Amino acid sequence: MAASQSRFVKACKAQPVDQTPVWFMRQAGRYMPEYRAVRKRYSLIEICKKPEVAAEVTITAAEALGVDAAIIFADLLLPLEVMGLPFHFAPGEGPVIEKPVREKSDITALRIDQAAELGYVSEAVRLVGKHFGSNLPIIGFCGAPFTLASYMVEGGSSRNYLHTKKLMYSDPVAWDELLGKLVAVASQYAVEQVRAGADVIQVFDSWVGCLSVEDYRRYVLPRTTELVRTLREAGVPVIYFGTETTTLLVSMKETGADVVGLDWRVPLDEGWRILDNRGAVQGNLDPVLLFADWKELKSRAVEILRRAGGRPGHIFNLGHGILPETPVENVKALVQLVQEYRLGPYSG
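Trainee: So what exactly am I meant to see when it comes to the overall build of the protein here?
Mentor: The secondary structure content of the protein amounts to 16 helices and nine strands. A compact globule built from 348 residues should have a C-alpha radius of gyration of about 20 Å, and the protein, at 19 Å, falls within 12% of that. In the protein, buried positions account for 55% of the 348 residues. Long-range pairs, those at least 24 residues apart, make up 74% of the contacts in the protein between residues at least 6 apart in sequence. Carbon and sulfur atoms make up 49% of the accessible area of the protein, which totals about 14,400 Å². Computed over 39 positive and 41 negative side-chain charges, the separation of the two mean positions in the protein equals 2 Å.

Next comes the structure, spelled out in structure tokens:
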């Protein structure tokens, strides 16, 4: 069976499957001893830029957990470097953009002609595909234009996105130019992952929940739709994920994404109802529940599966990424629980 016919890819297309597919954001990460061992030899960026190491980390996590898809190991901000915007990781602070984008001249100076230099990621996808063959689908990913722009403008993470919104409101033409450049690079980057063997692309819009519906529709939706359209034209389903986005779900679906990711703040069936039960949804266990005792964790996971009701198009995931220090045993047990959960016939 081709990976494109796997239960994960079929679920992305809202087609019936025999059991709920499951994978996790950040399923390769610091909570795994195998990953910590690799990090003793390489920095995060070194892992990303060494395809054989990135592939090893991707494969190890997928096989250890027994999940239904392998997501390629990479960092969201890699495209910034080829656009002429260096960054580094500060201990305890996360990514730091060395020269934030604040003026129109900064935007004009950004390059869009060097996306091919990110080829180490697509090479890692190719190596993972060579390892798994048709046995396991591969998820490629890229950042959404708003989230990448917010990192560029803020210079890193932010609590209120002051500089981002200031630019957006005060110079919408420059803002749109910035998002347009990001779409040009991110789309080429992600399409190359598809050409290398990625079966699905996830678009991460981690910070878009800071926007009102009006601002999302005016300043973000058109360019994000452009990105999603390009990725779907490459021939793969697209998952669109953000956090704190309950008010934005209807608008996010307008991008044309096949799957909309739900965070843990909205009950799964309610989120699906907001979307008129159209298409597929992914989610949505609170990552912190993986620290709970098994009785509580199992109860919460089963409740999500119950709310999904056996409808075609549910992919089990967390409402965000696995946290450091998460007990690996709980993650493995959760995978087994989901995979053993029997879907009843859906009559909706």
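Still more to cover.
Trainee: Could you clarify how one ought to interpret the packing of aromatic side chains in this entry?
Mentor: Any aromatic ring pair is given by two values, namely how distant the centres are and how the planes are angled relative to each other. Under the definition given, this model contains seven aromatic pairs. Ring geometry for Tyr169 against Tyr219: centres 6.0 Å apart, planes inclined by 70°, an arrangement best described as edge-to-face. Here Tyr219 lies in helix α11 (residues 213-219) and Tyr169 lies in helix α9 (residues 162-170), a separation of 50 residues in the sequence. Tyr169 gets classed as partly exposed once you look at its relative accessible area, which sits at 42%. Since its relative accessible area comes to 11%, Tyr219 is described here as buried. Note on Phe204 and Phe241: the rings are 6.2 Å apart at their centroids and 80° apart in plane angle, and the pair reads as edge-to-face.

Trainee: What is the right way to look at the nonpolar core in this model?
Mentor: Here is a general trend for soluble globular proteins: nonpolar side chains tend to be buried in one another's company. In terms of nonpolar packing, the biggest core is built from 128 residues, with Phe8, Phe24 and Leu178 touching the most fellow members. With 12 residues, the single largest contributor to this core is helix α10 (residues 172-196). If we ignore the near neighbours within four places in the chain, the residues touching Phe8 are Pro21, Trp23, Asp68, Ala69, Pro137, Ile139, Val200, Ile239 and Ile315.

Trainee: Explain the environment of Gly261 to me, please; I cannot follow it from the model alone.
Mentor: Looking at where Gly261 falls in the secondary structure, it is placed in strand β7 (residues 259-261). Excluding its chain neighbours within four sequence positions, the residues that come into contact with Gly261 are Tyr240, Phe241, Gly242, Leu249 and Gln282.

Trainee: Help me out: how do you make sense of the packing of helix α4 (residues 51-65) against helix α7 (residues 119-132) in this one?
Mentor: Angle between the axes and distance between the axes: these two values describe a pair of packed helices. Where α4 meets α7, the closest approach of the two axes is 8 Å, and the angle between their N-to-C directions is 45°. The pairing of α4 with α7 is recorded here as oblique in orientation. Our pair here, α4 against α7, has a crossing hand that is right-handed. Two secondary-structure elements touch here, α4 through Pro51, Glu52, Ala54, Ala55, Thr58, Ile59, Ala62 and Glu63 and α7 through Tyr120, Glu123, Ala124, Leu127, Val128, His131 and Phe132. Grouping the amino acids of the contact of α4 with α7 by side-chain chemistry returns 10 nonpolar, two polar and three charged.

Trainee: So what exactly am I meant to see when it comes to the sheet that holds strand β8 (residues 280-282) here?
Mentor: Paired through backbone hydrogen bonds, the strands of a sheet run either parallel or antiparallel to each other. Spatially, the seven strands line up as an open sheet ordered β1-β4-β5-β6-β7-β8-β9, and their pairing is parallel. Pairing within the sheet leaves two strands with one partner each, and these edge strands are β1 (70-71) and β9 (314-315). Examined bridge by bridge, β1 and strand β4 (residues 138-143) share two bridges and lie parallel to one another. Its bridge partner being in β4, Ile71 is matched across the sheet by Ile139. On top of the sheet, α10 reaches β4 and β5 (200-205); it is set at about 175° to β4, its chief contact.

Trainee: Sorry if this is basic, but what is going on with unusual backbone geometry here?
Mentor: Residue Gly283 is joined to Asn284 through a cis peptide bond whose omega torsion reads 0°. Here Asn284 lies in the loop between β8 and α15 (294-308). Despite not being glycine, Glu325 has its phi angle at roughly 75°, a positive value. Residue position: Glu325 is located in the loop between β9 and α16 (328-340). Using a relative accessible area of 66% as the deciding quantity, one classes Glu325 as exposed.

Trainee: Just to check I follow, could you spell out the side chain of Glu154 for this structure?
Mentor: Mapped onto the elements, Glu154 comes out in helix α8 (residues 145-154). It is Arg102 that comes nearest to the buried, bridge-free Glu154 among opposite-charge side chains, at 5.3 Å. A polar atom in the side chain of Glu154 sits 2.8 Å from the backbone nitrogen of Thr164. Not counting residues up to four positions away in its chain, the partners in contact with Glu154 are Arg102, Tyr161, Leu162, His163 and Thr164.

Trainee: So what exactly am I meant to see when it comes to the side chain of Lys253 here?
Mentor: With respect to the helices, strands and loops of the structure, Lys253 is situated in helix α13 (residues 249-253). Despite its burial, Lys253 pairs with no opposite charge, the nearest such side chain being Asp258 at 6.8 Å. Residue contacts for Lys253: discarding those within four places in its chain leaves Asp258, Val260, Leu275, Arg278 and Gly279.

Trainee: Mind showing me how you'd approach α4 here?
Mentor: Here α4 contains 15 residues, and its C-alpha end-to-end distance of 21 Å stays within 8% of the 21 Å for a straight helix at 1.5 Å per residue. Within α4, burial applies to Pro51, Val53, Ala54, Ala55, Val57, Thr58, Ile59, Ala61, Ala62 and Leu65. Where α4 ends, the next residue or the one after it, Gly66, has phi of about 75°, a positive value.

Trainee: Even after reading the chapter, I still don't get a nonpolar patch on the surface, so can you show me in this structure?
Mentor: The grouping of Val288, Phe291 and Leu323 at the surface amounts to a nonpolar patch, some 230 Å² of accessible area in total. With respect to the helices and strands, Phe291 occurs in the loop between β8 and α15.

Criteria and thresholds
- Residues numbered from 1 in each chain as written.
- Predicted model: local features only at pLDDT ≥ 70, side-chain atom pairs only at ≥ 80, totals over all residues.
- Heavy atoms only, no water.
- Helix = DSSP H or I, 4+ residues; strand = E, 2+ residues; numbered from the N terminus.
- Rg over C-alpha atoms; globule rule 2.2 N^0.38 Å.
- Buried < 20%, exposed > 50% of the residue type's maximum accessible area, 1.4 Å probe, protein only.
- Contact = heavy atoms within 4.5 Å.
- Areas by Shrake-Rupley, 256 points an atom, 1.4 Å probe, with all protein chains shown as cover.
- Lys, Arg positive; Asp, Glu negative; His and termini not counted.
- Charge placed at Lys NZ, Arg CZ, Asp CG, Glu CD.
- Phe/Tyr/Trp six-rings, centres within 6.5 Å; stacked < 30°, edge-to-face > 60°.
- Core = buried A, V, L, I, M, F, W, Y, C linked by side-chain atoms within 4.5 Å.
- Axes fitted to C-alpha atoms, helices over the stretch in contact; angles between N-to-C directions.
- Parallel < 35°, antiparallel > 145°, perpendicular 65-115°, else oblique.
- Left-handed = near helix turned anticlockwise from the far one by under 90°.
- Nonpolar A, V, L, I, M, F, W, Y, C, P; charged D, E, K, R; others polar.
- Pairing = 2+ DSSP bridges.
- Salt bridge = Lys/Arg side-chain N within 4 Å of Asp/Glu carboxyl O.
- Polar contact = N/O pair within 3.5 Å; in protein donor to acceptor, adjacent residues only side chain to side chain.
- Expected span 1.5 Å × (residues − 1).
- Patch = residues over 30% accessible without salt bridge, like charges linked within 9 Å, V, L, I, M, F, W, Y side chains within 5 Å.

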